[in-house]
Amino acid sequence: MSDVLIYVLIAVAVLVLGLAGWFGLVAPRRRPPTESAPSEAPAPEAPIAEAPVEAEAPAVERPAPPEGRLARLRARLASSQSTLGRGLLTVLSRDRLDESTWEEIEEALLTADVGVAPTQELVNNLRTRLRVEGVAHPDLARTTLREELIGLLDPSMDRSLGVDGIDGQPGVVLVVGVNGTGKTTTVARIARVLVAEDKTVLLGAADTFRAAAVEQLSTWGERVGVETVRGPEGGDPASVGFDAVKRAIDEGVDTVLVDTAGRLHTKAGLMDELGKVKRVIEKQAPITEVLLVIDATTGQNGLTQARVFAEVVDVTGLVLTKLDGTAKGGIVIQVQRELGVPVKLVGLGEGADDLAPFEAEVFVDALLGD
Ligand code: GDP
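Residues numbered from 1 in each chain as written. Predicted model: local features only at pLDDT ≥ 70, side-chain atom pairs only at ≥ 80, totals over all residues.

A. View of the overall build of the chain. From N to C terminus, the chain includes 14 helices and 8 strands. Taking contacts inside the chain between residues at least 6 apart in sequence as the whole, the part at least 24 apart equals 77%. (Helix = DSSP H or I, 4+ residues; strand = E, 2+ residues; numbered from the N terminus. Contact = placed C-beta atoms within 7 Å.)

Given below as structure tokens:
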């Protein structure tokens, strides 16, 4: 009896397995992809140069040269600034320029952050010139306003970047400013400009308190084949600056760009930190440019911050970012006047090449529209 039961069970089992196989329920066991079959002939060794890893490495970008960028990007300025330029021209083209007209002009300039002293100067000059020359034609008003605005921006100022070192040493550019102004972005964009000019570049991520900023900087750098010297998180910013400049000297790099921390906690703290970075770097090579980055959208606040930085370090050039996002482009005039330092670069967007060398004439033309 039990023998019969066993035969029946075996028959049922065979039937079930057969059906399962038929319907594909029991899949044949696959060899894991990493397992290699010992019986297979060994694959010929691929030459290292043809390793797939190399083939997958991202291509290094070739950034666009910076010449003429302001002219190309002027539409971004014009769209936000035209309120000022066109407004002034409309008012100045009136038949009669009475007291209330001049007040209107003054107000428009102050609203655009031109600043009290430069506004006064501009209005006085315009009054004198237009009284003498008359406003018979809108073209005359335009030419006069154009000349006066360009005069306020002092086109004779040297706006070249100090990126070249002396006696075979690297150029050392220190980039300072409050966090969020666009400092890291600016460092990366300058690196792209230099790469486009066939210079070798090294970045120093001395903003060691913001891991994200360090990451951001090295990622931007990698895109154009530029390396970043970084320290431990929260480490001494001065030692990162030191290491970066030392390596630039050892490797014969043309320019080292150092991104600094911008925590404006106390003036004394800032002074200590930036002062130390500067001193430590200068043990190796002179700093050839100190760029202060200012967010144009922050208006008077940005100017107050700029004054603090200018007291702490010898700023040699200004970078005004986010000019694409504000109608208060007059800050260019005010900040340059106030600090006595030229605006060298302006940011006109978030793109990798949206940083343009500043040119007074092109800027004013964009302001006034065609
Ligand atoms: P940091 O904290 O000073 O280093 O500032 P970041 O470089 O991280 O920039 C802060 C933000 O400002 C980022 O989202 C940038 O894309 C943005 N930014 C920088 N420059 C410009 C500019 O010229 N125009 C615009 N619209 N955004 C900018």
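B. Here's a closer look at the pairing of strand 2 (residues 201-205). Burial analysis of strand 2 places 5 of its 5 residues in the buried class, which makes it a mostly covered element. By the alternation rule, side chains of strand 2 split into Val 201, Leu 203 and Ala 205 and Leu 202 and Gly 204, which are all buried. Bridge count between strand 2 and strand 4 (residues 255-259): 5 bridges; the pairing is parallel. Within strand 4, the position partnered with Leu 202 by the bridge is Val 256. Here strand 2 runs beside strand 3 (residues 227-230); their pairing, made up of 4 bridges, is parallel. The residue of strand 3 that forms the bridge with Ala 205 is Arg 230. (Buried ≥ 20, exposed ≤ 12 C-beta atoms within 10 Å, placed from the backbone. Pairing = 2+ DSSP bridges.)

C. Geometry of the site of the ligand. Within the structure, the ligand sits among 19 residues, and Gly 182, Lys 183, Thr 184, Thr 185 and Gly 347 are positioned closest to it. Considering every element that reaches the shell around the ligand, the biggest residue donor is helix 8 (residues 183-196), with 3 residues. The residue makeup of the shell around the ligand, split by class, is 2 nonpolar, 12 polar and 5 charged. (Near = placed C-beta within 6 Å. Nonpolar A, V, L, I, M, F, W, Y, C, P; charged D, E, K, R; others polar.)

D. The arrangement of the sheet that holds strand 8 (residues 355-357) in detail. One open sheet accounts for 8 strands, arranged 3-2-4-1-5-6-7-8; its pairing is mixed. Because the sheet does not close on itself, it has two edges, and the strands there are strand 3 and strand 8. Here the average twist between neighbouring strands, direction ignored, is 25°. Summarising the sheet, strand 1 (residues 171-176) and strand 4 pair through 5 bridges and their orientation is parallel. By the bridge assignment, Leu 174 is partnered in strand 4 with Val 258. Packing of helix 12 (residues 299-312) onto the sheet brings it into contact with strand 1 and strand 5 (289-295), and relative to strand 5 it is tilted by some 160°. (Axes fitted to C-alpha atoms, helices over the stretch in contact; angles between N-to-C directions.)

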